[in-house]
Amino acid sequence: MAALQQTQAWQAANAQHHFHPFSDNGAIRAEGARVITRAEGCHLWDSNGKQYLDAFAGLWCVNLGYGRQELIDAATRQMQELPYYNLFFKTTTTPVIELAREIAEIAPAHMNQVFFTGSGSEANDTVFRMVRRYWDVKGEPERKVIIGRRNGYHGSTVAGASLGGMSGMHKQGDLPIPGVEHVDQPYWFGEGGDQSPEAFGVQAARSLETKIKELGAHRVAAFIAEPIQGAGGIIIPPASYWPEIKRIVKQYGILLVVDEVICGFGRTGEWFGSDYYDLQPDLMPIAKGLSSGYLPIGGVVMADHFANTLASEGGDFNHGFTYSGHPVCAAVALENIRILRREGIVTRVKEDIGPKFQQALQTLADHPLVGEVRGVGMLGAIELVSNKDTRERFPDEGSTGTQCRDLALQEGLVLRATGDTMLMSPPLILSEQHLDELITKTMSALDKTLHTIK
Ligand code: PXG
C-alpha cells in the first residue's frame, strides 16, 4: 500500500512538472507514468516492485546490461581525478585519448579519428556540418545536398530530424531544412509488393541513383543511412541492397555516412553494422552502446582521407560542444569497450546467443498474428498482421502493436512497438534463461493480443 501511495505521489509530481520526450503529455497527465526505480542485469523494477525483463536494453543502448560495477568504478575514479575539462583550444584529456585509440582499434581499418559529442543527434548535426565543410575544403562547395531515407532515424535535433525521414517528426517544426532530400527505404515486407526481396532491394537502392541524377551529382554531398533501420522497425535490407548502394555512391563520388548509433558496438555480432555489410563508410556517427547508456556520449568516426583533408587543409573547425568528450563519459565508454573486448561479447553475439536468439524468435512465426519474424544478431522484429498470407495490415495501424506492448508490460516484459511491429533489442549479455523468459512472455502477450482483438 505504501508503495502504491508513493507511486501516486510521484506520478502526480511528474505530471505537474515534467514534460516527457516522444510522448503524449496530455495522456501521461491523465494516466500517470510508469516510475522505474532500479535495474540489475537484464531486469528493471518499477516503484510498485513489479519486475520486467528489458528486451529493449533501455532505448537500444544498455548493451552490457545494468549494474556493471566496473563502469561505476570508472566513473567514480574519473570524477575524483578530473570531473570536467574541455577539448577546445588545443587541450585534451587522458580518457579521451585512450577512448579515441580504442575506437580506432575496433573500427574498420581505414577509420582512425574520432570527433566526440554528447549524443547521437549531436553526432549527426556534426555530420551535417562536417560533410559540407569537407566539400568546401575540397574546392567543390556546390556539393551541399545530403540524401537520407524515408523512415530513417538520425536523431531529434533540427539536422538529425531533417536527415531522418520520420513524417511525424517532419510535421513538427517545418522540417526537413533545405538541402536534405529523401529516397526509398529497403522495407520489403511493407513495401515490396509482389517483387522478390532481391529485386525490391535493387529497386530501393536505385531510388538513390534517380535522386542523384535529378539533383545533379555535382550538388550531392553525401548519403546517410542506418545499416539496419532501428526506430523505423528493424528493417533488414535484402542482400541485394547494400552492394547496389555501394556501387552508386562510388560511381557518383558522394560520401557514405553509416549511422551506427544502434548497430554499433556488437549489436549485429560484429563491432559495427558496417563490418556486417562490409560498407567502407566515410563517416560513422556513434552513441548509445558506446557507453552502454551509462552516461551520455556520442561521436563521429572518420575515414583517414576525410579527417586528413579537414586537418591539413581546413584550418579551424568551428564546431564543438561543452560536453564533447566529457572525461567521465569517456572513461565509462573506454571501460565499456574494454569489457566488450575482454569478455568476447561481440563474438558471443555472433556465434552463440545471437543465433540462439534468432532461432527462438522463429518459434513465434507460426502464431496467427505474426506475418514475419526477422532479425540479425541481437535485433529482432515481429510484424503483426491481420492476414498472414497476404501480409495485410490491421486497418487502424499501430493500435494492435500498442495493445501488444501494453499486454507485454503486464506480463513483465518491455518491448517497443513501431506501428504494428514489435521490436526487441535486448542487452548483449542476455542469458539462455532470460531468452526463455523473453519468448514465453512474448508468446503470452501475442496470445492475449489475439484474444483482445477478436
Ligand atoms: N541515430 C540513430 C540510428 C538512432 O537510433 C540517434 C541517431 C539519435 O541519438 P540520440 O542519442 O540523440 O537519441 C538514434 C536514437 C525509438 C528511439 O523510439 C530511438 C532513438 C532515440 C529515441 C527513440 O526507437 N534512437
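Looking at an unreviewed UniProt entry, one finds the protein named Aspartate aminotransferase family protein and attributed to Salinispirillum sp. LH 10-3-1. Quoted straight from UniProt, the Sequence similarities (unreviewed entry) entry for the protein says "Belongs to the class-III pyridoxal-phosphate-dependent aminotransferase family." Here is the UniProt Cofactor (unreviewed entry) comment for the protein, exactly as written: "pyridoxal 5'-phosphate".

> Is there a simple way to explain the overall build of the protein in this structure?
In terms of helices and strands, the protein carries 18 helices and 15 strands. Scaling as 2.2 N^0.38, a compact globule of 454 residues should have a C-alpha radius of gyration of about 22 Å, and the protein matches this with 22 Å. C-alpha atoms of the protein, sized along the principal axes, occupy 65 × 60 × 45 Å. Considering the protein as a whole, with its 454 residues, one finds that 56% of them fall into the buried category. For the protein, contacts bridging at least 24 residues in sequence account for 71% of all contacts bridging at least 6. Accessible area for the protein stands at about 19400 Å²; split by element, carbon and sulfur atoms hold 52% of it. Distance between charge centroids for the protein: 2 Å, based on 41 positive and 53 negative side chains.

> Can you walk me through helix H6 (residues 120–137) in this structure?
With 18 residues, H6 should reach 26 Å at 1.5 Å per residue; the first-to-last C-alpha distance of 25 Å fits that figure. When we look at burial in H6, the residues that qualify are Gly 120, Ser 121, Ala 123, Asn 124, Thr 126, Val 127, Phe 128, Met 130, Val 131, Tyr 134, Trp 135 and Val 137. Where H6 begins, the side chain of Ser 119 points an oxygen toward the backbone nitrogen of Ser 121, at a separation of 3.4 Å. Gly 139 sits one or two positions beyond H6 and adopts a positive phi of about 80°.

> Teacher, can you tell me more about the domain arrangement of the protein here?
In many analyses, interface size is given as the accessible surface area lost on bringing the parts together. Once the domains are mapped, the protein shows domain 1 (34–67 + 352–453) and domain 2 (70–342). One C-alpha centre belongs to domain 1, the other to domain 2, and the line joining them spans 27 Å. Buried area between domain 1 and domain 2, summed over both chains or domains, comes out near 2500 Å², and the portion from carbon and sulfur atoms is 61%. A per-residue breakdown of the area domain 1 buries against domain 2 is headed by Trp 60, Leu 64 and Arg 391, which together make up 30% of the total. Where domain 1 packs against domain 2, one counts zero salt bridges. Linking domain 1 with domain 2 are 16 residue pairs in polar contact (both at pLDDT 80 or more). Sorting the residues of the side of domain 1 that touches domain 2 by element identifies helix H3 (57–60), strand E11 (370–376), strand E12 (379–384), strand E14 (416–418) and strand E15 (421–424) as the ones contributing at least two each. No other element matches E11, which puts five residues into the side of domain 1 that touches domain 2. Looking at the side of domain 1 that touches domain 2 residue by residue, the class counts come to 17 nonpolar, ten polar and six charged.

> Hey, could you run me through the pattern of salt bridges in this one?
Note on pairing: side chains with opposite charge can pair once their charged atoms come close. For the structure on display, the rule yields 28 salt bridges. Between Arg 341 and Glu 102 there is a salt bridge, with its nearest N and O atoms 3.1 Å apart. Here Arg 341, found in helix H14 (residues 327–342), pairs with Glu 102, found in helix H5 (residues 94–106); they are 239 residues apart in sequence, far enough to count as distant. Where Arg 342 meets Glu 335, a salt bridge forms, and the shortest distance between an N and an O atom there is 3.5 Å. Residue Arg 342 is classed as exposed on the basis of its relative accessible area, which comes to 53%. Through salt bridges with shared partners, a single ionic network connects Arg 68, Glu 70, Glu 335, Arg 342 and Glu 343.

> Quick question: what am I supposed to make of the packing of aromatic side chains here?
Each aromatic ring pair is characterised by the separation of its centres together with the angle its planes make. Taken as a whole, this structure holds twelve aromatic pairs when the rule is applied. Centre to centre, the rings of Phe 88 and Phe 89 are 5.7 Å apart; their planes meet at 85°, and the pair counts as edge-to-face. A relative accessible area of 30% means that Phe 88 is categorised as partly exposed. Note on Phe 89: relative accessible area 73%, which makes it exposed. Plain terms: the ring middles of Phe 265 and Phe 272 are 5.2 Å apart, the flat faces sit at 70° to each other, and that makes the pair edge-to-face. By relative accessible area, Phe 265 is classed as buried at 0%. Cluster of aromatic residues (ring-pair linked, three or more members): Tyr 241, Trp 242, Tyr 276 and Tyr 277. Taking the ring centre of Tyr 52 as reference, the NZ or CZ of Lys 50 above it sits at 5.7 Å. In this structure, Arg 391 packs its charged tip against the face of Trp 188, placed 4.0 Å from the ring centre.

> Is there a simple way to explain the pairing of strand E8 (residues 255–258) in this structure?
Remark: a regular strand shows side chains that alternate across the two faces of the sheet. Burial along E8 is two-sided: the face carrying Leu 255 and Val 257 and the face carrying Leu 256 and Val 258 are both buried. For strand E7 (residues 220–225) and E8, the ladder comprises four bridges, and the chain directions are parallel. Note on E8: the bridge partner recorded for Ala 222 is Leu 255. Remark: the E7/helix H11 (residues 241–251)/E8 crossover connection has right-handed handedness.

> I'm lost on the environment of Arg 143 in this one. Help?
Looking at where Arg 143 falls in the secondary structure, it is placed in the loop between H6 and strand E5 (145–149). Residues Arg 143 and Pro 427 lie 284 residues apart in sequence; the distance between their C-alpha atoms is 40 Å. Leaving out residues up to four positions away in the same chain, Arg 143 has contacts with Trp 135, Ala 217, His 218, Arg 219, Val 220, Ala 221, Tyr 252, Gly 253 and Ile 254. A distance of 2.9 Å separates the side chain of Arg 143 from the side chain of Glu 140, its partner in a polar contact.

Conventions used here
Residues numbered from 1 in each chain as written. Predicted model: local features only at pLDDT ≥ 70, side-chain atom pairs only at ≥ 80, totals over all residues. Heavy atoms only, no water. UniProt positions renumbered as here; feature names shortened; annotations may be inferred. Helix = DSSP H or I, 4+ residues; strand = E, 2+ residues; numbered from the N terminus. Rg over C-alpha atoms; globule rule 2.2 N^0.38 Å. Buried < 20%, exposed > 50% of the residue type's maximum accessible area, 1.4 Å probe, protein only. Contact = heavy atoms within 4.5 Å. Areas by Shrake-Rupley, 256 points an atom, 1.4 Å probe, with all protein chains shown as cover. Lys, Arg positive; Asp, Glu negative; His and termini not counted. Charge placed at Lys NZ, Arg CZ, Asp CG, Glu CD. Expected span 1.5 Å × (residues − 1). Polar contact = N/O pair within 3.5 Å; in protein donor to acceptor, adjacent residues only side chain to side chain. Domains from an automatic or database assignment. Buried area = accessible area lost by both parts, 1.4 Å probe. Salt bridge = Lys/Arg side-chain N within 4 Å of Asp/Glu carboxyl O. Nonpolar A, V, L, I, M, F, W, Y, C, P; charged D, E, K, R; others polar. Phe/Tyr/Trp six-rings, centres within 6.5 Å; stacked < 30°, edge-to-face > 60°. Lys NZ or Arg CZ within 6 Å of the ring centre and 35° of its normal. Pairing = 2+ DSSP bridges. Right-handed = clockwise from strand over helix to strand, strands pointing away.

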